[in-house]
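One-letter residues, chain by chain:
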Amino acid sequence: MDCQKIIKTLRHKDFVKVSHTGKCFENGAAIYAKEIRENIFLLFIILKDIDIENIQALIAHFDCFGSIGLKEPEQIMFYLSIKDKSDFHYFEQYLKTSNN
């Protein structure tokens, strides 16, 4: 699975691309977010111009959707960094099974 397939899958699952001007994410990162509970968001951060294995996923509490990319999260409840091809396999499986 390549970066374009991941982005297409995230958009298909109603994730919204977030522009970021704050300092909480790396420059050049593509951030996709989806609210899963009130003010609780699932984020995927895809680092551009480097290997595809550099993806971060997190579940975090922000005061509102608009503060994503501007402010640090109020709380991070889950964090996953995918840097290895074997880890990427599990991420790919999640994207396939979460259709249910």
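Above this note sits the structure.
Residues numbered from 1 in each chain as written. Predicted model: local features only at pLDDT ≥ 70, side-chain atom pairs only at ≥ 80, totals over all residues. Heavy atoms only, no water.

Colleague: Provide a residue-level description of unusual backbone geometry, including the pertinent values.
Modeller: Most peptide bonds adopt trans geometry, and most residues besides glycine take a negative phi value. Phi angles above zero are rare outside glycine, and Asp14 is one such case at about 70°. When you line up the elements, Asp14 lands in the loop between α1 (3-12) and β1 (16-18). With a phi angle near 60°, Asn39 is a residue other than glycine that sits in the positive phi range. Here Asn39 shows up in the loop between β2 (29-37) and β3 (40-47). (Helix = DSSP H or I, 4+ residues; strand = E, 2+ residues; numbered from the N terminus.)

Colleague: Which residues make up a nonpolar patch on the surface, and what values do they have?
Modeller: Among the surface-exposed residues, Met77, Phe78 and Leu80 lie close enough to one another that they form a single nonpolar patch of about 260 Å² accessible area. As for its placement among the helices and strands, Leu80 is situated in strand β5 (residues 75-82). We classify Leu80 as partly exposed; its relative accessible area is 35%. (Patch = residues over 30% accessible without salt bridge, like charges linked within 9 Å, V, L, I, M, F, W, Y side chains within 5 Å. Areas by Shrake-Rupley, 256 points an atom, 1.4 Å probe, with all protein chains shown as cover. Salt bridge = Lys/Arg side-chain N within 4 Å of Asp/Glu carboxyl O. Buried < 20%, exposed > 50% of the residue type's maximum accessible area, 1.4 Å probe, protein only.)

Colleague: Talk me through the nonpolar core; I want residue IDs and the actual numbers.
Modeller: Counting 14 residues, the largest nonpolar core has Phe25, Ile31, Leu43, Ile45, Phe62 and Ile68 as its most contacted members. Elements represented by at least two residues in this core include exactly β2, β3 and β4 (55-61). Examining the composition of this core, we find that 4 residues originate from one element, β3, more than from any other. Not counting the four nearest positions on each side in its chain, Ile45 is found in contact with Phe25, Ala29, Ala30, Ile31, Asn54, Ile55, Gln56 and Leu58. (Core = buried A, V, L, I, M, F, W, Y, C linked by side-chain atoms within 4.5 Å. Contact = heavy atoms within 4.5 Å.)

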